[in-house]
Amino acid sequence: MKIKIAVPSKGRISEPSISILEKAGLGLIDKSNRKLISKTFNENIEVMFARASDIPEFVNDGVADIGITGVDLIKENEVDVKELLDLRFGQTKLVLAAPEESNISSVNDITEDMKVATEFPVLTKKYLDENGLDLKIVKLSGSTEAAPFIGIADLITDLTSTGTTLKMNHLEIIDVILESSIKLIANHDSLKEKNQLIEAVSTSIKGVLDADRKKLIMMNVDESELDKVKEVMPSMGGLTISEVLSDKKTVAAQAVIDEKEVFELVNDLRNAGARDILVVPIERII
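These figures come from a predicted structure and were not determined experimentally. (Residues numbered from 1 in each chain as written. Predicted model: local features only at pLDDT ≥ 70, side-chain atom pairs only at ≥ 80, totals over all residues. Heavy atoms only, no water.)

Chemist: Tell me about the overall build of the chain, and please be specific about residues and values.
Modeler: Along the chain, the regular secondary structure elements total nine helices and 15 strands. Radius of gyration (C-alpha) of the chain: 25 Å, far over the 19 Å computed for a compact globule of 286 residues. Here the C-alpha coordinates of the chain stretch approximately 85 × 50 × 35 Å along the principal axes. Split into buried and exposed, the 286 residues of the chain put 44% on the buried side. By sequence separation, contacts in the chain at least 24 residues apart represent 69% of the contacts at least 6 residues apart. Summed over all atoms, the accessible surface of the chain reaches about 15,800 Å², with 46% contributed by carbon and sulfur. When the 35 basic and 49 acidic side-chain charges of the chain are each reduced to a single mean position, those positions are 5 Å apart. (Helix = DSSP H or I, 4+ residues; strand = E, 2+ residues; numbered from the N terminus. Rg over C-alpha atoms; globule rule 2.2 N^0.38 Å. Buried < 20%, exposed > 50% of the residue type's maximum accessible area, 1.4 Å probe, protein only. Contact = heavy atoms within 4.5 Å. Areas by Shrake-Rupley, 256 points an atom, 1.4 Å probe, with all protein chains shown as cover. Lys, Arg positive; Asp, Glu negative; His and termini not counted. Charge placed at Lys NZ, Arg CZ, Asp CG, Glu CD.)

As structure tokens, then:
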């Protein structure tokens, strides 16, 4: 039994998606010659490259068993898929924006003779309906920011992460329609029929996410100094202690800590009596 993972073929989330699969042990066998479908180091798992906007539909229809795509595209395509994980990257917002020089500063300033341009007509219509507005929606496939300035529309809805591109184009955010991030999604039937394999993929990816910004710190400690070391050591589940074969009563101690704690903690541990301190990256925490 095999599964296919649909991954964006290009764009801002393509490389991070491939990277997280590689860290989870599902690297592509031939990265230099990317094909529509590529084998991974697991003979039962293949990666299918597709447009990010097509992935929700591919997973919904069972063309792919699981996929990586954004919340915005999942909701725009109105598909019924299972969200397995938030992959914690690609945070963005779908916003309503208007030219800075317009008289539109809130939803209340919008009149029904106005037009709105967007790449997200479904989400835009839903938002307008919720606000009691019946505007003409102009569907575009790119360069949405230009629409108000070439006379196509009065407003736009568009994705933004920092708002910089909108400001550069003299557009002002009026409202936030949707907050989005990248998700690992699955087909419902595949979850029933191929649960064990899909669960293995999800668990491995979650292990990568949980290990992000975590370090393994290891040290030797004289038994007489162990209590002092315990006092300064934060960890996910306490210190792991093992005996060191030495003339002096010594133990080896290790713990998982946050990356941001490393700088101060190393000095605190030295002052508490720890020595031979090692700080090691962690690939996965299962």
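Chemist: I'd like to hear about the nonpolar core, residue by residue, with values.
Modeler: The biggest cluster of nonpolar side chains holds 49 residues, and the ones touching the most others in it are Leu-87, Ile-110, Leu-155 and Ile-205. Looking at this core element by element, the count peaks at six residues for helix H7 (residues 195-211). Discounting residues that sit within four places of it in the chain, Leu-87 has contacts with Ile-20, Ile-68, Ile-182, Lys-183, Leu-184, Ile-205 and Leu-209. (Core = buried A, V, L, I, M, F, W, Y, C linked by side-chain atoms within 4.5 Å.)

Chemist: A description of unusual backbone geometry should follow, citing residues and the corresponding values.
Modeler: Here the phi dihedral of Glu-78 falls at roughly 50°; this positive angle occurs in a residue that is not glycine. Although it is not a glycine, Asp-276 adopts a positive phi angle of roughly 55°. With respect to the helices and strands, the residue Asp-276 is situated in strand E15 (residues 275-281).

Chemist: Give a description of the packing of helix H1 (residues 14-23) against H7 that names residues and reports values.
Modeler: When two helices pack together, you describe them by how their axes are tilted relative to each other and by the distance separating the axes. The N-to-C vectors of H1 and H7 enclose an angle of 100°; their axes lie 8 Å apart at closest approach. If you check the angle between H1 and H7, you find them roughly perpendicular. Where H1 approaches H7, its residues Ile-20, Leu-21 and Lys-23 are matched on the opposing element by Ile-205, Val-208 and Leu-209. Tallied by class, the residues present in the contact of H1 with H7 amount to five nonpolar, no polar and one charged. (Axes fitted to C-alpha atoms, helices over the stretch in contact; angles between N-to-C directions. Parallel < 35°, antiparallel > 145°, perpendicular 65-115°, else oblique. Nonpolar A, V, L, I, M, F, W, Y, C, P; charged D, E, K, R; others polar.)

Chemist: Can you explain the pattern of salt bridges? Please cite residues and give values.
Modeler: Scanning the entire structure with this criterion turns up 14 salt bridges. Arg-88 is the partner of Asp-210 in a salt bridge, and the nearest nitrogen-oxygen pair spans 3.4 Å. Taken together, the residues Asp-210 in helix H7 and Arg-88 in the loop between strand E5 (82-86) and strand E6 (92-99) connect sequence positions 122 residues apart. Since its relative accessible area comes to 48%, Arg-88 is described here as partly exposed. Among the ionic contacts, a cluster of salt bridges with common partners joins Asp-222, Lys-248, Arg-275 and Asp-276. (Salt bridge = Lys/Arg side-chain N within 4 Å of Asp/Glu carboxyl O.)

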